[in-house]
Amino acid sequence: MTASLLLVAMGSTLLAPPASAAVTGSVKTKAPLQPTISFPNGDSVVEGGQLAIRFDANGDTSVTSYRYSVGDTNLGGTVRSGRDGAATVTIDAGNVSGERPVYVVAVDRRGRLSPLTQASFTVSVMWSLRGQAIDTTTWLPLAGATIRLEPVGIEAVTGPDGGFQFAVDPGLYTLTGTYAGPPSLSGSSQQLEVDGQGLWFDLYLFPEAAN
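The text that follows walks through the structure, step by step, so that each part is easy to find.

Rules used throughout
- Residues numbered from 1 in each chain as written.
- Predicted model: local features only at pLDDT ≥ 70, side-chain atom pairs only at ≥ 80, totals over all residues.
- Heavy atoms only, no water.
- Pairing = 2+ DSSP bridges.
- Helix = DSSP H or I, 4+ residues; strand = E, 2+ residues; numbered from the N terminus.
- Axes fitted to C-alpha atoms, helices over the stretch in contact; angles between N-to-C directions.
- Buried < 20%, exposed > 50% of the residue type's maximum accessible area, 1.4 Å probe, protein only.
- Patch = residues over 30% accessible without salt bridge, like charges linked within 9 Å, V, L, I, M, F, W, Y side chains within 5 Å.
- Areas by Shrake-Rupley, 256 points an atom, 1.4 Å probe, with all protein chains shown as cover.
- Salt bridge = Lys/Arg side-chain N within 4 Å of Asp/Glu carboxyl O.

Comments concerning the sheet that holds strand 3 (residues 50-56)
- In spatial order, the strands read 1-3-6; together these three strands make up an open sheet with antiparallel pairing. On the outer flanks of this sheet lie strand 1 (36-38) and strand 6 (86-92), each paired with one strand and no other. Put simply, the sheet's adjacent strands are angled 25° from each other on average, direction ignored.
- Strand direction decides the pairing type here: strand 1 and strand 3, joined by three bridges, are antiparallel.

In structure tokens, the structure reads:
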């Protein structure tokens with residue numbers, strides 16, 4: 001009888017630790033892995049355009065969704081991850097040029113959040129060089145003036161507000177303007193540097209000297 005009790009006690013002692021260990025081992029205590037951010041179609045977009053942004057869980061199969069935001073860290077957007085643990089969203093770039101930050105955290109099935117990831121993209125102006133032709137005899141915007149951009153040799157005619165615009169790559173350019181009149185006007189700029197942020201330039205047209 002004593003031997004039987006000892007065997008039962010021994011069996012209870014042998015079985016209890018593995019069961020306890022299995023329960024402890026099944027509980028995940030770590031947050032999801034920090035996700036990565038990439039831009040499938042490039043990290044630059046023109047004003048008013050759309051941009052694709054991809055979030056990737058880096059192989060963490062517990063991730064079920066992502067919380068993200070653009071411009072601030074409020075993480076107001078949510079997107080579910082696919083079977084591969086990744087998700088792609090398309091955002092509107094808006095009409096503010098310059099560098100824009102993107103923030104994201106991964107969320108697992110228990111609602112735990114990963115560390116925050118940040119990346120950035122650039123919104124470039126649709127018209128790289130914009131400006132207005134000014135008639136120096138009236139100091140008012142000049143409609144109907146011809147504006148020529150060198151060294152590319154392209155021209156634009158100013159609208160009712162005297163405005164002109166060119167879409168060009170970053171670089172060094174010169175503007176010249178003419179107006180048939182009356183009175184006949186002309187003017188030119190010094191060399192202008194256009195970068196990814198665009199440039200606004202007022203071109204002043206002066207009366208041409210009589211022969």
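Let's talk about the pairing of strand 7 (residues 98-108)
- Summarising burial for strand 7: nine of the eleven residues are buried, a large majority.
- Both strand 7 and strand 8 (residues 117-124) contribute to a ladder of seven bridges, which runs antiparallel. Bridge pairing in strand 8 links Glu99 to Thr122.

Looking at a nonpolar patch on the surface
- Residues Val46, Met126 and Trp127 make up a contiguous nonpolar surface patch of roughly 260 Å² in combined accessible area.
- Relative to the assigned elements, Met126 resides in the loop between strand 8 and strand 9 (129-135).

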